[in-house]
Amino acid sequence: MDDEALEHLVKGVVEHPDDVTVRARTLRRGRVLEVRVHPDDLGKVIGRGGRTARAFRTVIAAVSPTSGTRIDFVDVDEVR
């Protein structure tokens, strides 16, 4: 549920919403939501000083049934 909510929020901020994907992964450090966006949108998703990314994290922490969920932002040009 929190991955769908995050995807909806991110798509509302970016210029290339079709390039947004959110994938939930469970790692040793806990549950991670991996957000992939178009390279041109990475700055918008992170925001000045990380404010937008911090806001996304705050909202997801509030609606997430699992505590300790982390969010990582990745541009689509990175090797998968």
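An account of the accompanying structure is given in this report.

Analysis parameters
Residues numbered from 1 in each chain as written. Predicted model: local features only at pLDDT ≥ 70, side-chain atom pairs only at ≥ 80, totals over all residues. Heavy atoms only, no water. Patch = residues over 30% accessible without salt bridge, like charges linked within 9 Å, V, L, I, M, F, W, Y side chains within 5 Å. Areas by Shrake-Rupley, 256 points an atom, 1.4 Å probe, with all protein chains shown as cover. Salt bridge = Lys/Arg side-chain N within 4 Å of Asp/Glu carboxyl O. Lys, Arg positive; Asp, Glu negative; His and termini not counted. Charge placed at Lys NZ, Arg CZ, Asp CG, Glu CD. Helix = DSSP H or I, 4+ residues; strand = E, 2+ residues; numbered from the N terminus. Buried < 20%, exposed > 50% of the residue type's maximum accessible area, 1.4 Å probe, protein only. Axes fitted to C-alpha atoms, helices over the stretch in contact; angles between N-to-C directions. Left-handed = near helix turned anticlockwise from the far one by under 90°. Contact = heavy atoms within 4.5 Å. Nonpolar A, V, L, I, M, F, W, Y, C, P; charged D, E, K, R; others polar.

Here we come to a positive patch on the surface. On the surface, a cluster of positive charge is contributed by Arg 48, Arg 51, Arg 54, Arg 57 and Arg 70. When residues in the positive patch are grouped by element, the largest group, three residues, is from helix H3 (residues 51-63). Note on placement: Arg 48 falls in the loop between helix H2 (42-46) and H3. The exposure class of Arg 48 is exposed, given its relative accessible area of 70%.

Moving on to a nonpolar patch on the surface. Where nonpolar side chains cluster on the molecular surface, the patch consists of Met 1, Leu 9, Val 59 and Val 63 and spans about 330 Å² of accessible area. By the secondary structure assignment, Met 1 is in the segment before helix H1 (2-11). For Met 1, a relative accessible area of 62% puts it in the exposed group.

Next up on the list: the packing of H1 against H3. Between H1 and H3, the least distance of the axes is 10 Å, while the angle of their chain directions is 150°. Crossing hand, H1 versus H3: right-handed. The segment H1 lies against H3, with Asp 2, Ala 5, Leu 6, Leu 9 and Val 10 engaging Phe 56, Val 59 and Ile 60. Each residue belonging to the contact of H1 with H3 can be placed in one class, and the counts come to seven nonpolar, no polar and one charged.

On to the pattern of salt bridges, then. This structure, assessed with the given rule, holds six salt bridges. With a shortest N-O distance of 2.8 Å, Asp 2 and Arg 31 are connected by a salt bridge. Placement of Asp 2 in helix H1 and of Arg 31 in strand S2 (residues 30-37) is noted, with a sequence separation of 29 residues between them. Given the relative accessible area of 3%, Asp 2 is considered buried. The exposure class of Arg 31 is partly exposed, given its relative accessible area of 22%. The salt bridge partner of Arg 25 is Glu 34, with a shortest N-O separation of 2.9 Å. According to the relative accessible area criterion, Arg 25 is partly exposed, its value standing at 31%. A cluster of three or more residues bridged by salt bridges with shared partners is formed by Arg 23, Arg 25, Glu 34 and Arg 36.

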